[in-house]
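Analysis of the macromolecular model
One letter stands for each residue in the lines below.
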Amino acid sequence: MPLLASDPLLRGDIDLTVVLIVIGKTIAVFALLMLAVLFYVWFMRKVIADMQNRIGPNTAGPWGMLQTLADGIKLFFKEQSTPTNADRRVFMVAPYLAILPAFLAFSIVPIGGTVTIAGHRTFVQLADLPIGVLWLLAMSGLGLYGVMLAGWSSGSKYPLLGSVRASAQLLSYEGAFSLAIVGVLIQTRNLSTRAIVNRQAWVGSWPIAHPTEWPIANWLIGPAIVAFVIFLIAAIAETNHPPFDLVEAEQELVGGFHTEYTGIRFAIFFLAEFMNVITMSAIAVTLFLGGPAGPSLGFLAANGWVNAWVMPIFWFMLKLLVLLFCTVWVRASLPRLRYDQLMDVGWKFLIEIAFLWVMVSALLVVARDQRWDLWLVVPSAGLGAMAVYGVLWLSMPKRDELVSHDLEIK
Amino acid sequence: MGRFSGFWVTLEQMFRPRVTTEYPEHKRPKPERFHGRHVLNRYEDGMEKCIGCELCAGVCPARCIYVRGADNPPDAPVSPGERYGFVYEINYLRCIHCDLCVEACPTEAITETKLFEFSFVNRDDAIYTKRELLVDDDGRSRRLPWELWAGDEDDQTSAWMRATSSAGNAVYEGRIAWSAELGFGVRPPEHGQAAAPEQESDLTAPRPEEPVGTRDEEAHS
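What you are looking at is a predicted structure, and each value in this text was computed from that prediction instead of being measured.

1. Remarks on the overall build of chain B
- In terms of helices and strands, chain B carries 6 helices and 5 strands.
- In chain B, the order of α-helices and β-strands from amino to carboxyl end is α-β-α-β-β-α-β-α-β-α-α.
- For chain B, the residues scored as buried account for 30% of the 221 residues in total.

And the structure:
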């Protein structure tokens, strides 16, 4: 397998056209991500306003769509201050350390199908790394450095507390997050996002003759439903989105790690945060919802520009929008968790469930390959998982026990 | 599903009407006892009502009113009385809009409008002199460059309080005891004041009986 990528663009000789196409794709993906952030912030404010019987931003541009741009311009022209105690160099670099991984993580997301640009066939995706999903984990781990160093270099207490929380939270949920991804990888047996998407390609035609011809039967949300739920929860926690936004809990930490930041550096942190939300949603679409898979327009040519370019991107965007709406919905509905609740959910619940799910689905995959009797395997796997979780649950200290022990209340 | 019922609560709200009033374009009706900025009223013949007695300045708890009276010039009197308000200044950086000046005024010269949108940016603008406070020749409030109100918003006055001051009682008792104004004539009783009995229909614009203290969408027509 080529080291760089499995993209057909990079298979043959690399000439100037190929380089230009890659540069063009880079710029296009960057622009797309920036526009997506602009859109998402507006969308989030509008939806939350709807959920609170308000109107939301409505002045800048049509329906207030340019509100984020206006905010960005305002922040760009504001004064940037640096605290006296700050470690100046790290303080200035930290926002960029936060935004760079956020952008790089998005580069592996397959946005569309396979198209032909200037005689070269290529994926509508910036990079199709063979390590694929591992790249996402690496980048979300690196993104922590921005937050961590911002808190450290501010020379102030609240930012430091916020960044310590960030690292503890990311560490706690990285386990469940990775195990949820493993739940997918067991099914696909491939790390490449393009391969995962191809595995979930749209099949079947109307009328449906056989249950396996259901168009979405290939989507991994079916065989990895528990992993999907765990992925969503862990991804929300990884991106420090409410209700897991203890990193910047205003009531406790002022602004958390970005308390001392002003102007465009402050804006960059928010850009990175919202980029991460979009990336995570896009990865969820890729891993579980078939990525760009969706019905093409049958009355147009199968390889015409509409069916090759527009429809896969349309389906991808539609699924992304649904997931983004869900993140906003969660944000509007749930109050912030207490810190011990956050840790409880991560360590005592999500990791165990994700781990057991990985084991059970591994067993099922092996059973399918070995043609074992599923009637025997599935119930015994389920019972075994429940037994293991029961033992774990019984051995965990309960909260009321902890309290009575700590406070010596009998 | 108690833990997840919150999701339904938020989703349900999306289909309910919005509570927002889009403020600068649309304004809610103000409460009948709303206290805005003052005006100095004039009689229907154009004479000023202020007689320069300085009771308003005396009663003002914030000491924001400065009045100096002077004798009316015999050939061109400014007010019907012996004296008139020669200097009249209100410092809106101090005014607390308590309306005690309006209650103290024996001639209903000073009343409060419901105009409240004046955001000056220097201290000189905060001091409204007689030139700014006195109604113009049509009996309308003078709009200053930093004031934001639509053309007819100055129709609304705190006449509730004028009725209080003249009759000694907030409840309108059937006989209008307040004087006419330039441009508006005798103002009708306001909503929330008890209406005139039917037989005394010679009074100006009696209002139908309505419960005291409720708020209507429009203060008065």
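2. Overview of the overall build of chain A
- What chain A contains, in helices and strands, is 13 helices and 2 strands.
- With respect to the principal axes defined by its C-alpha atoms, chain A has extents near 65 × 60 × 45 Å.
- Taking the intrachain contacts of chain A between residues at least 6 apart in sequence as the baseline, contacts between residues at least 24 apart amount to 76%.

3. A word on the packing of helix α2 (residues 67-76) of chain A against helix α9 (residues 263-288) of chain A
Residue and element names in this part refer to chain A.
- As a packed pair, α2 and α9 sit with axes 7 Å apart at the nearest point and diverge in direction by 140 degrees. When the axes of α2 and α9 are compared, the pair comes out oblique. Contacts between α2 and α9 involve Gly72, Leu75 and Phe76 from the first element and Gly263, Ile264, Phe266 and Ala267 from the second.

4. Let's talk about helix α4 (residues 133-153) of chain A
- Its 21 residues give α4 of chain A an end-to-end C-alpha distance of 31 Å, which sits within 8% of 30 Å, the value for a rise of 1.5 Å per residue.
- Of the residues trailing α4 of chain A, Gly155 of chain A is marked for its positive phi of about 65 degrees.

5. Notes on the nonpolar core
Residue and element names in this part refer to chain A.
- Judged by nonpolar contacts, the single largest core of 101 residues is most densely connected at Ala234, Met275 and Ala354.
- Examining the composition of this core, we find that 17 residues originate from one element, α9, more than from any other.
- Once residues within four sequence positions are removed from consideration, Ala354 is found in contact with Ala176, Leu179, Ala180, Gly183, Ala227 and Ile230.

6. Looking at the sheet that holds strand β3 (residues 83-91) of chain B
Residues and elements named next belong to chain B.
- In space, the 3 strands of this open sheet follow the order β2-β3-β5, with antiparallel pairing throughout. With partners counted over all chains shown, the strands left at the sheet margins are β2 (65-71) and β5 (127-128), one partner each.
- Bridge analysis of β3 against β5 gives 2 bridges, and the strand direction is antiparallel. Residue pairing in the sheet places Asn91 in a bridge with Ile127 of β5.

7. Digging into the pairing of strand β1 (residues 114-117) of chain A
Residues and elements named next belong to chain A.
- For β1 and strand β2 (residues 120-123), the ladder comprises 4 bridges, and the chain directions are antiparallel. For Val115, the partnering residue across the bridge sits in β2 and is Thr122.
- Counting the residues in the hairpin turn of β1 and β2 gives 2 residues, including Ala118, whose phi is positive at 50 degrees.

8. So, helix α1 (residues 16-51) of chain A
- Here α1 of chain A contains 36 residues, and its C-alpha end-to-end distance of 51 Å stays within 8% of the 52 Å for a straight helix at 1.5 Å per residue.
- Looking one or two residues beyond α1 of chain A, the residue adopting positive phi is Asn53 of chain A, at roughly 60 degrees.

9. Focus on the packing of helix α10 (residues 305-333) of chain A against helix α1 (residues 5-13) of chain B
- The interhelical angle for the contact between α10 of chain A and α1 of chain B, taken along N-to-C directions, is 105 degrees, at an axis separation of 9 Å. Relative to α1 of chain B, the element α10 of chain A lies roughly perpendicular. On the side of α10 of chain A, the interface is formed by Trp329, Ala332 and Ser333 of chain A, while α1 of chain B contributes Gly6, Phe7 and Thr10 of chain B.
- Of the residues contributing to the contact of α10 of chain A with α1 of chain B, the split by class is 3 nonpolar, 3 polar and no charged.

10. Description of unusual backbone geometry
- For the peptide bond that leads from Pro242 of chain A to Pro243 of chain A, omega is 5 degrees, which places it in the cis range.
- Residue position: Pro243 of chain A is located in the loop between α7 (225-238) and α8 (250-253).
- Here the phi dihedral of Asp99 of chain B falls at roughly 75 degrees; this positive angle occurs in a residue that is not glycine.
- In this structure, Asp99 of chain B sits in the loop between β3 and α3 (100-104).
- Taking the number of C-beta atoms within 10 Å as the measure of exposure, Asp99 of chain B has 20 and is therefore buried.

11. Quick look at the environment of Pro29 of chain B
All names here are of chain B.
- Tracing the backbone through its elements, the reader meets Pro29 in the loop between α1 and β1 (38-40).
- Residue Pro29 is classed as partly exposed on the basis of its 14 C-beta neighbours within 10 Å.
- Between the alpha carbons of Pro29 and Pro17 there is a distance of 19 Å; along the sequence they are 12 residues apart.

12. Section: the environment of Arg187 of chain B
All names here are of chain B.
- Locating Arg187 in the fold gives a position in the segment after α6 (159-167).
- Among the residues examined, Arg187 registers 20 C-beta atoms within 10 Å and is labelled buried.
- Remark: the alpha-carbon pair of Arg187 and Glu147, spanning 40 residues in sequence, is separated by 25 Å.

13. A look at the confidence of the model for chain B
Residue and element names in this part refer to chain B.
- Within chain B, residue pLDDT values average 78, and 76% of them lie at 70 or more.
- Ignoring residues within four places in sequence, the model shows residues 196-208, a span with pLDDT below 50, making 19 contacts including any to other chains.
- Below pLDDT 50 for its whole length, residues 210-221 participates in 20 contacts with residues either more than four positions away or in separate chains.

14. Description of the environment of Ile99 of chain A
Residues and elements named next belong to chain A.
- Inspection of the secondary structure assignment puts Ile99 in helix α3 (residues 88-106).
- Residue classification places Ile99 among the buried residues on the basis of 21 C-beta atoms within 10 Å.
- Separated by 44 residues in the primary sequence, Ile99 and Gly143 have C-alpha atoms spaced 7.3 Å apart.
- Setting aside chain neighbours within four positions, we find Ile99 in contact with Ile268, Leu271, Ala272 and Met275.

Procedures and definitions
Just so you know, the residues in each chain are numbered from 1, in the order the chain's sequence is written. Starting at A for chains and at 1 for ligands, labels are handed out in the order in which the entities are written. The predicted nature of this model means local features are confined to residues of pLDDT at least 70 and side-chain atom pairs, given and counted, to a pLDDT of 80 or more, with totals for whole chains, interfaces and linings taken over all residues. Helix and strand definitions follow DSSP, with helices as H or I runs of at least four residues and strands as E runs of at least two, each counted in order from the N terminus. Working definition of burial: number of other C-beta atoms within 10 Å of the residue's own, with buried at 20 or more, exposed at 12 or fewer, and partly exposed in between, all C-beta atoms being placed from the backbone. Contacts here follow a simple rule: the backbone-placed C-beta atoms of the two residues must lie within 7 Å. Lines fitted to C-alpha atoms define the axes, with helix axes restricted to the stretch in contact, and inter-axis angles between N-to-C directions lie between 0 and 180 degrees. Oblique is the label for any angle not covered by the other classes, which are roughly parallel (under 35 degrees), roughly antiparallel (over 145) and roughly perpendicular (65 to 115). A helix's residues, less one, multiplied by 1.5 Å, set its expected span. In these notes, a nonpolar core means any group of buried Ala, Val, Leu, Ile, Met, Phe, Trp, Tyr and Cys residues linked to one another through C-beta atoms within 7 Å. Two strands qualify as a pair provided DSSP detects at least 2 bridges between them. Residues were grouped as follows: Ala, Val, Leu, Ile, Met, Phe, Trp, Tyr, Cys and Pro as nonpolar; Asp, Glu, Lys and Arg as charged; and all remaining residues, including Gly, as polar. Here pLDDT means the predictor's own confidence in every residue, given as a number from 0 to 100.

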